[in-house]
Amino acid sequence: MPSYRVSTIASLLGVSDDSVRRWLDEGHITADQTSEGPLRIDGVSVVEFINARPDLHLRSIGRVNQSIRNYLPGLVTGLTKDRVMSQVELLCGPFRVVSLVSTEAVEELGLEVGSVAAALIKATNVSVQSLEGDKL
């Protein structure tokens, strides 16, 4: 059974360490009783907790209903505009997302460095890499 540090679970879910500890105290998730040393959280219990609350990740972002599930709110950290196309860089939590969009769209959205925006990602091909243990 995979188990992870409290800080790893918090980082993966975009919540504070205190939220993870509160979920543990309230019995929503469980600790790995077989591990020695620092507190470790049972990964399966976290998955069950999240699956029972599909809107958990939407609480703090004020999102409207839509079909795209990969919604990453962030801050515009870079903007390179050309006559037709623009490159928009977002910092979404610990992730850097780069998108090429029309300059017309950038202007209509009023995007500039420092703007709050969201990356909405819909893809038919997503690759997955295994991260061993607590390696993020």
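Look up a bit, the structure's there.
Keep in mind that this is a model prediction, so the values were computed, not measured.

Visitor: Tell me about the pattern of salt bridges, and please be specific about residues and values.
Guide: Per the stated rule, a full pass over the model turns up three salt bridges. As a salt-bridge pair, Arg21 and Asp18 come within 3.5 Å of each other at their nearest N and O atoms. Here the residue Arg21 and the residue Asp18 both occupy positions in helix 2 (residues 17-25), the gap between them amounting to three residues, near one helical turn. Where Glu89 meets Arg96, a salt bridge forms, and the shortest distance between an N and an O atom there is 3.4 Å. By relative accessible area, Glu89 is classed as buried at 18%.

Visitor: A description of helix 1 (residues 6-13) should follow, citing residues and the corresponding values.
Guide: Listing the buried residues of helix 1 in full gives Val6, Thr8, Ile9 and Ala10. Looking at the buried positions of helix 1, the neighbouring elements they touch are strand 1 (3-5), helix 2, strand 2 (40-42) and helix 3 (43-51).

Visitor: Explain a nonpolar patch on the surface residue by residue, including any values.
Guide: On the surface, Leu75, Leu91 and Val116 cluster together into a nonpolar patch covering about 280 Å² of accessible area. Tracing the chain through its elements places Leu75 in strand 3 (residues 70-81).

Conventions used here
Residues numbered from 1 in each chain as written. Predicted model: local features only at pLDDT ≥ 70, side-chain atom pairs only at ≥ 80, totals over all residues. Heavy atoms only, no water. Salt bridge = Lys/Arg side-chain N within 4 Å of Asp/Glu carboxyl O. Helix = DSSP H or I, 4+ residues; strand = E, 2+ residues; numbered from the N terminus. Buried < 20%, exposed > 50% of the residue type's maximum accessible area, 1.4 Å probe, protein only. Contact = heavy atoms within 4.5 Å. Patch = residues over 30% accessible without salt bridge, like charges linked within 9 Å, V, L, I, M, F, W, Y side chains within 5 Å. Areas by Shrake-Rupley, 256 points an atom, 1.4 Å probe, with all protein chains shown as cover.

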